[in-house]
Amino acid sequence: MEEVCEYCPECGNKSLRTIVQNGHQFEECDLCGYISGDEESIQQIFEEQEATEYEIDVPIYPLVRELNEIKGIRTVNSCGGRTDVLMLPFVDFTISDHLHKVLTNLLTSLKLSNRETVGNWYIEPYIHTELAFSLKPRIVQDIKYITPSQIREFRHDLRIIVRNLQMHRNLGWWRI
Ligand SMILES: [Zn+2]
């Protein structure tokens, strides 16, 4: 059991409010607004706030952010997957610089992630107004046979893909 800080680490104020948001619990200082608590929860809360600000689905937001960090990549559309109308998670993006190398790196990273993920993730080229790419899980059956729990598993895959992408971008073979 983790012990919760009894006063604000920022200003020393003793009146902290416990807030539960989307399953994360944290403490907010009544005086200065400082947020304390479990680091991972806090990171997720900030991520969710950012995602809402940019009007991007929370589950896909970390991948969208990560892809936009790569020089030349611009995301154009995305979805975190929907269980009510059965939509797969995906990110669509364009690549303006070093197309061959960027695509090779992304596919290499995905290939390694696919060892850990439930879905088999791939990148499909298509024409947006220019050449664009869609990163998504490959499904062999018709979308109408996909179950909500499969979509939730694909969402869980997204964390693995993002974690590996962050790691691979620092490795020698990634260098563009
Ligand atoms: Zn405070």
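Just so we're clear, the structure is a prediction, and the values are computed from it rather than from any experiment.

Notes on the overall build of the protein
And step 1. Across its full length, the protein carries 4 helices and 7 strands.
And step 2. Each helix (α) and strand (β) of the protein, taken in turn from the N terminus, gives the series β-β-β-α-α-β-β-α-β-β-α.
And step 3. A principal-axis box enclosing the C-alpha atoms of the protein has dimensions of 55 × 40 × 30 Å.
And step 4. Taken over 176 residues, the protein has a buried fraction of 20%.
And step 5. Sequence-distant contacts in the protein: of pairs separated by 6 or more residues, those separated by 24 or more amount to 44%.

With respect to the sheet that holds strand S3 (residues 35-37)
And step 1. Across the sheet, 3 strands lie side by side as S1-S2-S3; this open sheet has antiparallel pairing. Every other strand in the sheet has two partners, leaving strand S1 (16-21) and S3 as the edge strands with one partner each. Taking each pair of neighbouring strands and ignoring which way they run, the sheet shows an average axis angle of 40°.
And step 2. Examined bridge by bridge, S1 and strand S2 (residues 24-29) share 6 bridges and lie antiparallel to one another. Of the residues in S2, the one forming a bridge with Ile19 is Phe26.

Some details on the sheet that holds strand S7 (residues 131-138)
And step 1. Sheet architecture is open: 4 strands sit in the order S4-S5-S7-S6, paired in antiparallel fashion. Two strands in the sheet have a free side with no partner beyond their single neighbour: strand S4 (73-82) and strand S6 (120-127). On average, each strand axis in the sheet is tilted by 20° relative to the strand beside it, whichever way the strands run.
And step 2. In terms of strand pairing, strand S5 (residues 87-95) meets S7 through 3 bridges, oriented antiparallel. The residue bridging Val91 from the neighbouring strand is Leu135, located in S7.
And step 3. The strands touched by helix H2 (residues 61-68) are S4 and S5; relative to S4, the strand with the most contacts, the crossing angle is about 170°.

Procedures and definitions
- Residues numbered from 1 in each chain as written.
- Predicted model: local features only at pLDDT ≥ 70, side-chain atom pairs only at ≥ 80, totals over all residues.
- Helix = DSSP H or I, 4+ residues; strand = E, 2+ residues; numbered from the N terminus.
- Buried ≥ 20, exposed ≤ 12 C-beta atoms within 10 Å, placed from the backbone.
- Contact = placed C-beta atoms within 7 Å.
- Pairing = 2+ DSSP bridges.
- Axes fitted to C-alpha atoms, helices over the stretch in contact; angles between N-to-C directions.

All quantities given are derived from atomic positions and should not be read as evidence of function.
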